[in-house]
Amino acid sequence: MSTAVSVKSLLKKVNSQELDHPRKVGRDMIESTLPADLWKANVEFSHELQKSIDKHKLCRHPLIGLLNTEKLNVEATKVIHLEFSYAFAEIFTDSLIQAMSTCSSLEPRLGAAGKVSARFLLQLNLLDELGYKPKSNAANSEDYCGNPFLAHYIQFNETLEDLGAKHSDIMNFKPSAAAKAARKTFTDYYNDHLNLTAVLAVAETVFSLFAGPWAKSVSLSTDIDVSKGYHKIHVENESGEFLDDDHSEDSWYIFRQVVQAKDYDLIRENISQWLDIWYDFGDQVIHIANQLSKKK
């Protein structure tokens with residue numbers, strides 16, 4: 001059933017002249033594409049999901065402690081990065097781009113504004129992924145600078161090269177069953193806007209728990225400078241915030257727009273399964289650390 005609102009009615013709700021705060025305007029527009037009662041229900045549902053994520057054993061995985069305290073050898077660190085590359089890094093930006101495409105499924109129900117508002121907010125996250133940065137001295141945050149060498153995936157591959165991995169090593173790597181399963185939690189939904197936006201939101205929420213310990217492990221185990229590059233991107237900054245804090249909340253906004261009450265049970269079940277799969281991936285990383293760190 002269509003609940004699309006006219007563009008003209010949205011102009012009365014959202015500041016259509018605002019250019020300096022695109023994230024706020026994008027979120028406001030997404031919220032305004034839904035009836036107020038549905039938006040409220042979806043916000044409450046998303047908060048329920050976030051609480052269930054916090055309670056999941058993944059958020060207390062032993063891997064967090066291992067990365068914070070154990071010095072691994074370079075080979076173990078390299079293989080862990082190769083596993084993560086296959087499971088997540090190779091396809092995360094791809095998944096955002098796929099979500100941009102699947103936004104078209106919103107149009108029959110929410111109209112042009114539904115499709116465009118979701119893409120607008122996704123684009124802010126995609127810009128960061130691809131190496132664009134807001135100018136720190138710009139009067140408004142629409143003014144971007146950037147370089148493809150700042151793209152997260154490029155920086156991840158630079159880290160792999162620092163660990164001694166060649167391009168052929170990455171392309172020929174034989175991932176574990178756990179890494180294959182983790183990858184499929186994204187790629188299985190490349191034509192499913194609801195589940196793709198859900199898994200992106202969950203991933204953005206969870207990854208920050210592991211990013212800091214992982215950076216610390218790399219610092220302990222190698223001579224890689226983690227004050228820059230990939231392992232600087234996702235860690236806590238001087239103000240106590242994570243770069244991906246905005247990305248996480250943006251992802252939840254995009255999810256709240258698409259989800260409906262009829263989907264709630266399915267999403268609860270899927271998120272539980274994804275978290276279990278990622279927990280198994282954490283177990284695999286510990287296995288690699290235990291096996292390879294014993295070798296000299």
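Below you will find a few notes about this structure. (Residues numbered from 1 in each chain as written. Predicted model: local features only at pLDDT ≥ 70, side-chain atom pairs only at ≥ 80, totals over all residues. Heavy atoms only, no water.)

### Overview of the overall build of the chain
Then step 1. Regarding its fold elements, the chain presents 13 helices and 2 strands.
Then step 2. Burial status across the chain gives 51% buried among its 296 residues.
Then step 3. At a minimum sequence separation of 6, the contacts of the chain that also span at least 24 residues come to 77%.
Then step 4. In the structure as shown, the chain presents an accessible area of about 14600 Å², 53% of it carried by carbon and sulfur atoms. (Helix = DSSP H or I, 4+ residues; strand = E, 2+ residues; numbered from the N terminus. Buried < 20%, exposed > 50% of the residue type's maximum accessible area, 1.4 Å probe, protein only. Contact = heavy atoms within 4.5 Å. Areas by Shrake-Rupley, 256 points an atom, 1.4 Å probe, with all protein chains shown as cover.)

### Re the pattern of salt bridges
Then step 1. Applying the stated criterion across every chain, the model contains 12 salt bridges.
Then step 2. Among the ionic pairs, Arg23 bridges to Asp250, the shortest N-O distance being 2.8 Å. Taken together, the positions of Arg23 in helix α2 (residues 22-32) and Asp250 in helix α12 (residues 244-258) put the pair 227 residues apart, joining distant regions of the chain.
Then step 3. A relative accessible area of 21% means that Arg23 is categorised as partly exposed.
Then step 4. With a shortest N-O distance of 2.8 Å, Asp28 and Lys24 are connected by a salt bridge. Here Lys24 and Asp28 lie together in helix α2, a separation of 4 residues that amounts to about one turn.
Then step 5. The class of Asp28 is partly exposed, set by a relative accessible area of 24%.
Then step 6. One network of salt bridges, with partners in common, ties together Arg23, Arg27, Asp246 and Asp250. (Salt bridge = Lys/Arg side-chain N within 4 Å of Asp/Glu carboxyl O.)

### Notes on the environment of Phe120
Then step 1. Assignment of secondary structure puts Phe120 in helix α6 (residues 107-130).
Then step 2. Sequence separation between Phe120 and Pro22 is 98 residues; the distance between their C-alpha atoms is 8.6 Å.
Then step 3. Aside from chain neighbours lying at most four places away, what touches Phe120 is Pro22 and Gly26.

### Some words on helix α4 (residues 62-69)
Then step 1. Residues Leu63, Ile64, Leu66 and Leu67 constitute the buried set of α4. Projected onto a plane normal to the axis of α4, the buried residues spread over an arc of 165° and lie on a single side.
Then step 2. Buried positions along α4 lie against α10 (193-221) and α13 (264-292). (Arc of directions from axis to C-beta.)

### As for the packing of aromatic side chains
Then step 1. Per the stated rule, a full pass over the model turns up 17 aromatic pairs.
Then step 2. Between Tyr189 and Trp274, the ring centres sit 5.6 Å apart and the planes meet at 70°, which makes this aromatic pair edge-to-face. With a gap of 85 residues between them, Tyr189 in the loop between α9 (177-187) and α10 and Trp274 in helix α13 connect regions that are remote in the sequence. For the pair Tyr189 and Trp274, a shared accessibility class is recorded, and that class is buried.
Then step 3. Taken together, the aromatic side chains of Phe84, Phe88, Phe92, Phe156, Phe186, Phe207, Trp214, Tyr230, Trp278 and Phe281 make up a single cluster linked through ring pairs. (Phe/Tyr/Trp six-rings, centres within 6.5 Å; stacked < 30°, edge-to-face > 60°.)

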